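In case you want the letters, here they are:
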Amino acid sequence: MKNMWIIAKKDLGSFFNSPVFYSLTTVFLILNGFIFFNILNFFSLQSFQAQQMRGGGAGLNLNEMVFEPSFHNMAVILLLVIPLITMRSFAEEKKSKTFALLLSSPIHLVEIIAGKFLACMIVVGLMILLSAYSTGYLMLIGQPETGPVITGYLGILLMSGCYVSMGLFASSLTDNQIIAAVISFGLALFMWIIGWGAQASGSGLGQLLEYLSLITHLEHFLKGLISSSDLVYYLSFIFFGLFLTHRVLESSRWR
Amino acid sequence: MIEVEQLSKSYGPREAIKGLSFQVEKGEVVGFLGPNGAGKSTTMNILSCIMPASSGTAKICGFDVFEQSLEIRKLIGYLPETPPLYADMVVYDYLAFAARLRNVPLKNTQSAVEQVIEKCSLKEVSERIIGRLSKGYQQRVGIAQALVHNPDILILDEPTIGLDPIQIIEIRKLIQELALSHTIILSSHILPEITQICKRVIIISDGKIAAVDSLEALTTRLRKGERLLLKVRQSSSEILEKLRGVEKVNAVSEEQPGQFTIDCEPNADIQDEIAQLSLNNKWGIVELKPASMTLEDVFLKLTLEENEAQ
């Protein structure tokens, strides 16, 4: 635990020292804010019209019409942003030969990987936290149900965990940050749309593909439902990604 | 302290080291010498548990580098060929990070870092960003990193590479100081360095050990004959011929106009003869002295012999 935190702290230090983090956060916040503004605008227009036509906004739901699409969009933006956060994790260490320092220190490879995962998650968490002003604003002026909002954030965090673990895996494969980013972006996008193959394939395989898709498991969370199958899916996805990372790094020592 | 037996490592089909065996006693300073690509770094990487060997065993303080690598990693300080520096970190923070990685308790970290900054004379740059330092300072930070947890064993891969002569002298002094309380293995392809720091030399050539011995033993063992240096004012092929005519002389060559090296049989004692010769012929003798073989010659001879044998 202690060693994991030492690694995480070092990585966080270099995140906050580099312009990459600040530019990424800025872009993330601008895109997120713009989308939130438009969704909210659309919602207020709808409720205004509904008020005129039916005399009351019954059936219009803040959770369904604002939070859900916002979370969906945030998931897409994170898909673009997270590969850029994770790309340097191992690629940079290998390129600048600093990995030798970690490998020759009395510290397990598992702790190194866990520390890097933790650092990336803290960065992503921080970005999400910074964008949460929109949620706070809605809480102030409206009365959304808090349950689905909380589970929504939980779902987004778990999904980010999947992106991060794929990103770390991609980063462990190469010493080139750009290649790492491309691979992890490709992987994440593929795992997102893999469910589309369900229509083309038979019912058995179709169900499997549907289950494997990252996005189908987010739906329940956005509706306020924490189902064990979704939790198991996300957690085992994260674990599997980190496990592959471990295998790759371990085997690269043997070559 | 360090026992290496039949250590081999191949990268794919290429064998980097082939059956190395050697021992290092506690408190020794051993130099690894060899041309580039001889397998020095590979051996050091194996000893510092960065990569496993393909076959053979290496033990440090009784711990196997593969089976009990975590124990070993507590005992060693390692400076790889490229110092493992985070370019965006401040020197002090970097050393503190290295100390924490090597299990230095949090409360001792500050004093450990300050000590090592003192030792490696990094005081004036301790608050600067590593990426902006000169190569010499970076190298010193690299050495500081290997020292920060005060390990019993230091493994230094070309510690003085990229330094200017003054810095080299400083680092050499530092290593000599460290040698009093540490076991040190260092590699180099710069020979004078090894001569000055190490008591024992392991010469590696083409992945195999060409020789292990103390410096004096090596030089005497390889001096299969004696060599004289003669410097005269004149220069002509006639001199060369006359010198070759002297008894017990094996070979003569003119290095520069008027400068001759004469290789002769052991204990030939021909100085008188040569001096007489040059006086008689009025060559204008300037200098006549025995030339001992430098490590450089030893090294070349060993590594070249190796190649010829193949």
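Residues numbered from 1 in each chain as written. Chains lettered and ligands numbered in written order. Predicted model: local features only at pLDDT ≥ 70, side-chain atom pairs only at ≥ 80, totals over all residues. Heavy atoms only, no water.

## Structural notes on the domain arrangement of chain B
Here is step 1 of the chain: Looking at chain B, the domain boundaries give domain 1 (2–220) and domain 2 (224–291).
Here is step 2 of the chain: Taking only C-alpha atoms into account, the centre of domain 1 of chain B sits 44 Å from that of domain 2 of chain B. (Domains from an automatic or database assignment.)

## Quick look at the packing of aromatic side chains
Residue and element names in this part refer to chain A.
Here is step 1 of the chain: Within the structure shown, the criterion is met by 13 aromatic pairs over all chains.
Here is step 2 of the chain: When the centroid spacing of 6.0 Å and the interplanar angle of 40° are considered together, the rings of Phe 221 and Tyr 234 count as tilted. A residue pair is termed long-range when its members are at least 10 positions apart, and Phe 221 in helix H12 (residues 216–222) and Tyr 234 in helix H13 (residues 228–254) qualify at 13 residues. Per residue, the accessibility class of Phe 221 equals that of Tyr 234, and both read buried.
Here is step 3 of the chain: Three or more aromatic residues joined by ring pairs make a cluster, and in this case those are Tyr 211, Phe 221, Tyr 233, Tyr 234 and Phe 237.
Here is step 4 of the chain: The ring centre of Phe 90 lies 5.6 Å from the NZ or CZ of Lys 116, which sits over that ring. (Phe/Tyr/Trp six-rings, centres within 6.5 Å; stacked < 30°, edge-to-face > 60°. Helix = DSSP H or I, 4+ residues; strand = E, 2+ residues; numbered from the N terminus. Buried < 20%, exposed > 50% of the residue type's maximum accessible area, 1.4 Å probe, protein only. Lys NZ or Arg CZ within 6 Å of the ring centre and 35° of its normal.)

## Some thoughts on the nonpolar core
Here is step 1 of the chain: Residues A:Tyr163, A:Leu214 and B:Leu95 are the most contacted members of the largest nonpolar core, which totals 145 residues.
Here is step 2 of the chain: Looking at this core element by element, the count peaks at twelve residues for helix H3 (residues 62–86) of chain A.
Here is step 3 of the chain: Those residues in contact with A:Tyr163 that lie beyond four places of it in its chain are A:Ala75, A:Leu78, A:Leu79, A:Ile82, A:Ala188, A:Trp192 and A:Leu214.
Here is step 4 of the chain: Of all hydrophobic cores here, the second largest spans 15 residues; its members include B:Val246, B:Val252, B:Cys264 and B:Trp283. (Core = buried A, V, L, I, M, F, W, Y, C linked by side-chain atoms within 4.5 Å. Contact = heavy atoms within 4.5 Å.)

## Re H3(A)
Here is step 1 of the chain: Over its 25 residues, H3(A) runs 34 Å from end to end, which matches the ideal 36 Å to within 8%, given 1.5 Å per residue.
Here is step 2 of the chain: Most pronounced at A:Leu79, the bend in H3(A) amounts to some 30°, and the proline A:Pro83 follows within four residues. (Expected span 1.5 Å × (residues − 1). Bend = angle between axes of the 7 residues up to and from the residue.)

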